[in-house]
Number of protein chains: 2
Amino acid sequence: MTQARAPRADAVRNRRKILGAASEQITAHGPEVGMDEIAAAAGVAVGTLYRHFPTKTDLVAAVVAEFVARVADDAQAALERVTAGTRALDELTAFLGRVVEASVTDRAVKAAAQALGAEPGDRDTEERASAAVAALIQAGQADGDIHPDVTVNDIYLLFSTAPTDQPPAARARWLTLVVPGLTTRARPVDI
Amino acid sequence: MTQARAPRADAVRNRRKILGAASEQITAHGPEVGMDEIAAAAGVAVGTLYRHFPTKTDLVAAVVAEFVARVADDAQAALERVTAGTRALDELTAFLGRVVEASVTDRAVKAAAQALGAEPGDRDTEERASAAVAALIQAGQADGDIHPDVTVNDIYLLFSTAPTDQPPAARARWLTLVVPGLTTRARPVDI
DNA sequence: ATCTATCCTGAACCGTGGTTCACCTTTGTG
DNA sequence: CACAAAGGTGAACCACGGTTCAGGATAGAT
């Protein structure tokens, strides 16, 4: 059990700068930005990126984790408002809308959404988001607004198919088209 | 007005082979297959590809056009069944489902769908597909099944957001979630 | 102050994949 | 059959982007 020495001060500082710059760049230009650009934005050399994150995938995953955390916060806030008396379906709809809108600016969120379905990410944060969304759904079902079949996975499914790269009007329209599927009035469809 | 000489026999033959192989390869592995692989599948050298299609984009566009034509046929067939007495909403739903399922195998269709919203492609074929879908929608609206607001663009919007890369169950569920948005029972949503 | 483990640097490496081009082959006309 | 013109060939070119590594700098312990 060799006790690992504490990381050096500049290493910690750089790690933060890198994470910040990566978040910024990926948010602005999507996950396809070059490592060079991220390094430049962080005021650091490429090699330093690779000291902290063995591969680009790891770096992106770290950034994505931050976004997931943000979404989790959002969901929890919505849940609290419901407990305070607002209508669950409305909160869920608004939540969906907000996340989709956020996906447009923060293109990494889109990747995060797909990551939610695929790779684990932060177990805790993911759990937190899922729990809040699940509670939101349950509340809506208790109100009789949301269809009893609806699960958290449905929300993720919709979220992962959001038309992020389409104009605002299309995104709004998409939400309009998609929400009724969660609603009590909807009926199942055979394929 | 210099009359262009007719193309040579082997040129015509190769063009067909290329288009066939490209269609096959893109269908199987998506538009990201290398030009080398397409050339190999066609039993032809890379240079020949470039003689017929100045750029990879052009080749893909040509393949996509074929798929659009296939979708147009499908839509027209559905329309004819409606004229023969089947319910328009059911046909539209089934059509959506079929196209989504086709997108899974024929990954190029997905690209085609997005191309429909973006690049023109074959004006005629696109018109043909749009006309058939529009007629389908109108029929459904006449039945009182489909919401009066629904347009062809909505179908394209949904189609372009289909979860092509998710398991069959998820795709089916997606259809279930999405169709109610087209239905009379749905209500609009504010963002 | 010294010394070493840790960390940083950035030019170079490498695989990938679209594209080109100098040279050869085939077609089909005179 | 000869001989242009059209077409085909495929090795080489190039841009791009992730990754590496030998050498230099720095923190922090002694």
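How each quantity is defined
- Residues numbered from 1 in each chain as written.
- Chains lettered and ligands numbered in written order.
- Predicted model: local features only at pLDDT ≥ 70, side-chain atom pairs only at ≥ 80, totals over all residues.
- Heavy atoms only, no water.
- Helix = DSSP H or I, 4+ residues; strand = E, 2+ residues; numbered from the N terminus.
- Buried < 20%, exposed > 50% of the residue type's maximum accessible area, 1.4 Å probe, protein only.
- Contact = heavy atoms within 4.5 Å.
- Lys, Arg positive; Asp, Glu negative; His and termini not counted.
- Charge placed at Lys NZ, Arg CZ, Asp CG, Glu CD.
- Domains from an automatic or database assignment.
- Buried area = accessible area lost by both parts, 1.4 Å probe.
- Salt bridge = Lys/Arg side-chain N within 4 Å of Asp/Glu carboxyl O.
- Polar contact = N/O pair within 3.5 Å; in protein donor to acceptor, adjacent residues only side chain to side chain.
- Nonpolar A, V, L, I, M, F, W, Y, C, P; charged D, E, K, R; others polar.
- UniProt positions renumbered as here; feature names shortened; annotations may be inferred.
- Near = heavy atom within 4 Å.
- Least-squares fit on C-alpha atoms with pLDDT ≥ 70 in both.
- Expected span 1.5 Å × (residues − 1).
- Arc of directions from axis to C-beta.
- Core = buried A, V, L, I, M, F, W, Y, C linked by side-chain atoms within 4.5 Å.

Turning to the overall build of chain A, a few remarks are in order. Scanning chain A from N- to C-terminus turns up 9 helices and 0 strands. In chain A, the order of α-helices and β-strands from amino to carboxyl end is α-α-α-α-α-α-α-α-α. Dimensions along the principal axes, computed over C-alpha positions, put chain A at roughly 60 × 40 × 35 Å. Buried positions account for 46% of the 191 residues belonging to chain A. Long-range pairs, those at least 24 residues apart, make up 68% of the contacts in chain A with a sequence separation of at least 6. Taken together, the 20 basic and 25 acidic charged side chains of chain A have centroids lying 6 Å from each other.

Looking now at the domain arrangement of chain A. Residue and element names in this part refer to chain A. Examined at the domain level, chain A breaks down into domain 1 (9-54) and domain 2 (60-182). The C-alpha centroid of domain 2 is placed 28 Å from the C-alpha centroid of domain 1. Each side of the interface is counted separately: domain 1 has 10 residues, and domain 2 has 10 residues. Of the roughly 790 Å² buried between domain 1 and domain 2 on both sides combined, carbon and sulfur atoms contribute 66%. Here domain 1 and domain 2 share 1 salt bridge between them. Remark: the boundary between domain 1 and domain 2 carries 1 residue pair in polar contact (both at pLDDT 80 or more). Considering only residue class, the side of domain 1 that touches domain 2 consists of 5 nonpolar, 4 polar and 1 charged.

Taking the UniProt record as the reference, the feature "domain: HTH tetR-type" (unreviewed entry) is found at residues 12-71 of chain A. Here residues 12-71 of chain A runs as 82% helix and 0% strand, with 26 Å between its end C-alpha atoms.

Taken together, the contact between chain A and chain B spans 30 residues of the former and 30 residues of the latter. The junction of chain A with chain B conceals about 2,600 Å² of combined surface from both sides, 66% of it contributed by carbon and sulfur atoms. Scanning the region where chain A abuts chain B turns up 2 salt bridges. For Arg173(A), the salt bridge is made with Asp154(B), and the minimal N-O distance between the two is 2.5 Å. Counting every contact that joins chain A to chain B gives 4 residue pairs in polar contact (both at pLDDT 80 or more).

Here we take up the protein's contact with DNA strand D. Surveying the vicinity of DNA strand D reveals 21 residues, the closest of which are Thr55(A), Lys56(A), Arg8(B), Asn14(B) and Thr48(B). Here the atoms of DNA strand D within 4 Å of the protein split so that 65% fall in sugar or phosphate, with bases taking the remainder. Ala9(A) places a main-chain nitrogen or oxygen 3.0 Å from a phosphate oxygen of DNA strand D. With respect to DNA strand D, the backbone of Ala45(B) contributes an N or O atom lying 3.0 Å from a phosphate oxygen. At the level of secondary structure, the elements contributing two or more residues to the surface near DNA strand D comprise helix H3 (46-52) of chain A together with helix H1 (9-29) and helix H3 (46-52) of chain B.

Moving on, we come to the environment of Arg15(A). All names here are of chain A. Inspection of the secondary structure puts arginine 15 in helix H1 (residues 9-29). For the pair formed by arginine 15 and threonine 48, sequence separation is 33 residues and the distance between their alpha carbons is 8.8 Å. Apart from the residues within four sequence positions on either side, arginine 15 is in contact with His52 and Phe53.

Okay, the relation of the copies chain A and chain B next. Rotating chain A by 180° and translating it 0.1 Å along the rotation axis places it on chain B, where the RMSD comes to 0.1 Å. Put plainly, the chains are arranged around a two-fold axis. Same-surface contact between copies: 100% of interface residues of chain A are shared with the interface of chain B.

Along an α-helix, residues three or four positions apart point the same way, because every turn accommodates 3.6 residues. Residues and elements named next belong to chain A. When the terminal C-alpha atoms of helix H7 (residues 123-143) are compared, their 30 Å separation across 21 residues agrees well with the 30 Å that a helix rising 1.5 Å per residue should span. Every buried residue belonging to H7 is among Thr125, Glu126, Ala129, Ser130, Ala132, Val133, Leu136, Ile137 and Gly140, and all of these are buried. For H7, the buried positions fall inside an angular range of 160° around the axis, keeping them on one side. Of the exposed residues in H7, those oriented more than 90 degrees away from the buried face are Arg123, Asp124, Glu127, Gln138 and Ala142. In the stretch just after H7, glycine 144 is the one whose phi turns positive, near 85°.

Here the focus is the nonpolar core. The biggest cluster of nonpolar side chains holds 111 residues, and the ones touching the most others in it are Leu59(A) and Leu59(B). In contact with Leu59(B), other than residues within four places in its own chain, are Ile18(B), Leu19(B), Ala22(B), Met35(B), Ile38(B), Leu49(B) and Phe53(B).

Bringing the protein's contact with DNA strand C into the picture now. Close to DNA strand C lie 22 residues, the nearest being Arg8(A), Asn14(A), Thr48(A), Thr55(B) and Lys56(B). Counting only atoms of DNA strand C within 4 Å of the protein, the fraction found in sugar and phosphate groups is 66%. Thr48(A) places a side-chain nitrogen or oxygen 2.7 Å from a phosphate oxygen of DNA strand C. Sorting elements by how many residues they give to the surface near DNA strand C places H3(A) first, with 5 residues. Its residues placed into classes, the surface near DNA strand C shows 10 nonpolar, 6 polar and 6 charged.

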